[in-house]
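Summary of structural features
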Amino acid sequence: MNKADIHEVAKAAGVSISTVSRAFTRPDLVSDKTRRKVLEIADKLDFNISRSATALKSGRTNRVALLMNEEITSWFNTQTFAGIESVMHPAGYDISLFQHIDTEENRHEFFTEMPIRRNVDAVFVASFAIDPHEAEQLQRLHVPIIGINTPSEDGFDATISIDDEHGMYTATQHLINLGHKHIVYPCSEAALLNSSIDARTRGFIQACKDNEAKHGLNWQVLSVPRGPAFADSALSALLALEAFPDAICCQMDMMAIPLVLKLERYGHRTPRDYSIIGFDDSPYADTINLTTMKQDPYAMGRSAAAKALKLIEGEPLDHPHEVVEAQLVPRGTDMPFGEMA
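Per chain, the residues get numbers from 1 upward, laid out in the order the sequence is written. Only residues with pLDDT of at least 70 are given local features in this predicted model, and only at 80 or more are side-chain atom pairs given and counted; all residues enter the totals for whole chains, interfaces and linings. Water and hydrogen atoms were dropped before computing side-chain values, which therefore reflect all heavy atoms in the structure.

Before going further, it helps to examine the overall build of the chain. Only DSSP runs of H or I covering at least 4 residues are called helices, and only runs of E covering at least 2 are called strands; the numbering of each starts at the N terminus. Each helix and strand in the chain was counted, giving 12 helices and 12 strands. Overall, the C-alpha framework of the chain stretches about 80 × 40 × 35 Å when taken along its three principal axes. Evaluated residue by residue, the chain yields a buried proportion of 49% over its 341 residues. Whether two residues are in contact is decided by their heavy atoms, any of which lying within 4.5 Å being enough. If you take every contact in the chain between residues at least 6 apart in sequence, the share linking residues at least 24 apart comes to 71%. The method behind every accessible area is Shrake-Rupley, applied with a 1.4 Å probe, and residues are considered shielded solely by the protein chains displayed. Accessible surface, the chain as shown: approximately 16500 Å² in total, 51% of it carbon and sulfur. Within this scheme the basic residues Lys and Arg register as positive and the acidic residues Asp and Glu register as negative, but His and the chain ends are omitted. Charged side chains are reduced to one point each, which is NZ for Lys, CZ for Arg, CG for Asp and CD for Glu. Side-chain charges of the chain comprise 32 positive and 47 negative groups, with the mean position of each set lying 8 Å from the other. The cut-offs for exposure are 20% and 50% of the maximum accessible area for each residue type, with area from a 1.4 Å probe on protein chains only; residues under the lower value are buried, those over the upper are exposed, and the others partly exposed.

This is the structure in structure tokens:
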């Protein structure tokens, strides 16, 4: 049986050809009832609209790119992708993933070949900065660039981020307010890119410097190699210290959670022996009762996608650049220093 064309689908559904087209490419412009009817008839007639023909007519590809400096399996990237997808997919867009844009070779390949192919309508950048030359390549082709938790607004048409530096300052200040004196900050080495997570280290250092004279702090940054074994490296670095700290301020929950579990094997139990605070409020933080700083990458992904749709349509944004604050979530891995065993 030959496949039906768009005219036959429109006739069978009792709608115009343009309505059939919009049901596939711009579902937000068609009522749910009409779209369901069109899709049902299209399925019966074995009809599927040509994506390439639609792209030629509209000048769009109905595809966006998501660039990330890590793999998609990281908690932040998974939640960010889910947030973007929840908005872009109903609007008729596919998402192309570009992982590990964290080397000079990978960046060169993307930012030189992607604009030449003109294969996306917008670019999302998660958690790292782009340089002026990269931004210029995209802007010359009128491709909107939307940053998600990027360390800077420079080069982006829109951004939605948390203030990582202020968030970690708040986390550190919380430990200081509990009376802790010996505070250690285990973290992964700074990325080759200007990454948002590295701003957390600055927040920790600034909070300690602001309080060290008044409170007699003994603080230290423990930098360990990036990679899948970073939590074990942090564990080794902590156990190698001459004196174990009474408080640990972690760069992220994915470092804090394994530390809580593994340090107990060496006789260090929280909060009896030390306080520990994470950052992100990622999965299992609540399970182990981890005090942490909460951010919501899913909500940031949705916000970024809403901005992208407007920019693709050429519509102005009322608030192109937004900053949200990470929130302290007190749980059970911290207590006043004076109450410890």
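What follows continues from the structure just given.
Turning next to the pattern of salt bridges. A carboxyl oxygen of Asp or Glu within 4 Å of a side-chain nitrogen of Lys or Arg is what we treat as a salt bridge. With the rule as written, the count across this model stands at 12 salt bridges. Arg-200 is the partner of Asp-280 in a salt bridge, and the nearest nitrogen-oxygen pair spans 3.2 Å. In this pair, Asp-280 is assigned in the loop between strand S9 (275–277) and strand S10 (292–294) and Arg-200 in helix H9 (residues 199–215), connecting sequence segments 80 residues apart. Each member of the pair Asp-280 and Arg-200 is classed as buried. Each of Asp-281, Asp-286, Lys-294 and Arg-331 takes part in salt bridges that share partners, so that together they form one network.

Moving on: the nonpolar core. Grouped together as the largest cluster of nonpolar side chains are 41 residues, with contacts concentrated most on Ile-84, Phe-124, Ile-148 and Cys-249. Look past the residues within four positions of Cys-249 in its chain and what remains in contact with it is Met-168, Ala-171, Thr-172, Leu-175, Ile-183, Val-184, Tyr-185, Pro-186, Phe-204 and Ile-277. By nonpolar core is meant a set of buried Ala, Val, Leu, Ile, Met, Phe, Trp, Tyr and Cys residues that side-chain atoms within 4.5 Å join together. With 22 residues, the next largest nonpolar core counts Leu-222, Phe-230, Ala-234 and Leu-241 among its residues.

Two strands qualify as a pair provided DSSP detects at least 2 bridges between them. With parallel pairing, 6 strands are arranged side by side in an open sheet as S2-S1-S3-S4-S5-S11. The open sheet has two free edges, formed respectively by strand S2 (94–98) and strand S11 (321–324), since each of these has just one partner strand. For this sheet, the mean angle separating the axes of adjacent strands, direction not counted, is 15°. Helix axes use the C-alpha atoms of the stretch in contact, all axes being lines fitted to C-alpha atoms, and the angles between their N-to-C directions lie in the range 0 to 180 degrees.

So, about the pairing of strand S1 (residues 63–68). Counting buried positions along S1 yields 5 of 6 residues, so the element is predominantly enclosed. Direction of pairing for S1 relative to S2: parallel, over a ladder of 5 bridges. Bridge assignment links Leu-67 to a residue of S2, and that residue is Phe-98. A clockwise path from the first strand over the helix to the second, with the strands pointing away from the viewer, defines a right-handed crossover. Regarding topology, helix H5 (residues 75–88) serves as the crossover connection from S1 to the parallel S2, and that connection is right-handed. Alignment of S1 against strand S3 (residues 122–126), held across 5 bridges, turns out to be parallel.

With that settled, the discussion passes to the pairing of S3. Within S3, 5 of the 5 residues are buried, which leaves the element mostly enclosed by the surrounding structure. Along S3, one buried face is formed by Ala-122, Phe-124 and Ala-126 and the opposite face, lined by Val-123 and Val-125, is buried too. Strand direction decides the pairing type here: S3 and strand S4 (residues 145–148), joined by 4 bridges, are parallel. The residue bridging Val-125 from the neighbouring strand is Gly-147, located in S4.

What follows concerns the packing of aromatic side chains. Here the aromatic set is Phe, Tyr and Trp, taking the six-membered ring for Trp, and pairing holds for ring centres within 6.5 Å; pairs whose planes are under 30 degrees apart are stacked, those over 60 apart are edge-to-face, and all others are tilted. One pass over the full model with this rule turns up 3 aromatic pairs. Ring centres of Phe-204 and Trp-219 lie 6.0 Å apart, and the angle between their planes is 80°; on these two criteria the pair is classed as edge-to-face. Of the two residues, Phe-204 is situated in helix H9 and Trp-219 in strand S7 (residues 218–224); the sequence distance between them amounts to 15 residues. Exposure remark for Phe-204: the relative accessible area of 0% places this residue in the buried category. Measuring from ring centre to ring centre gives 5.6 Å for Phe-244 and Tyr-274, while their planes differ by 75°; the resulting arrangement is edge-to-face. In this pair, Phe-244 is assigned in the loop between helix H10 (230–239) and strand S8 (247–249) and Tyr-274 in the loop between helix H11 (253–263) and S9, connecting sequence segments 30 residues apart.

This part takes up the packing of H5 against helix H12 (residues 297–312). Interhelical geometry of H5 versus H12 gives an angle of 40° and a closest axis separation of 7 Å. Accordingly, the angle class assigned to the pair H5 and H12 is oblique. For the pair H5 and H12, the crossing hand works out as right-handed. Of the residues in H12, those in contact with Trp-75, Phe-76, Gln-79, Thr-80, Ala-82, Gly-83, Ile-84, Ser-86, Val-87 and Met-88 of H5 are Pro-297, Tyr-298, Met-300, Gly-301, Arg-302, Ala-305, Ala-306 and Leu-309. For classification purposes, an angle smaller than 35 degrees is called roughly parallel, one larger than 145 roughly antiparallel, one from 65 to 115 roughly perpendicular, and anything else oblique. Here a crossing is taken to be left-handed if its near helix is turned anticlockwise relative to the far helix by less than a right angle, and right-handed if that turn runs clockwise.

Quick look at the state of the cysteines now. A disulfide bridge is the covalent bond that connects two cysteines by way of their sulfur atoms. Only a pair of cysteine sulfur atoms within 2.5 Å counts as a disulfide in this structure description. Going through the model one piece at a time under the given rule, you end up with 0 disulfides. Here Cys-249 stays free of any disulfide, with the sulfur of Cys-250 as its closest cysteine sulfur at 7.2 Å. Given a relative accessible area of 0%, Cys-250 falls into the buried group.

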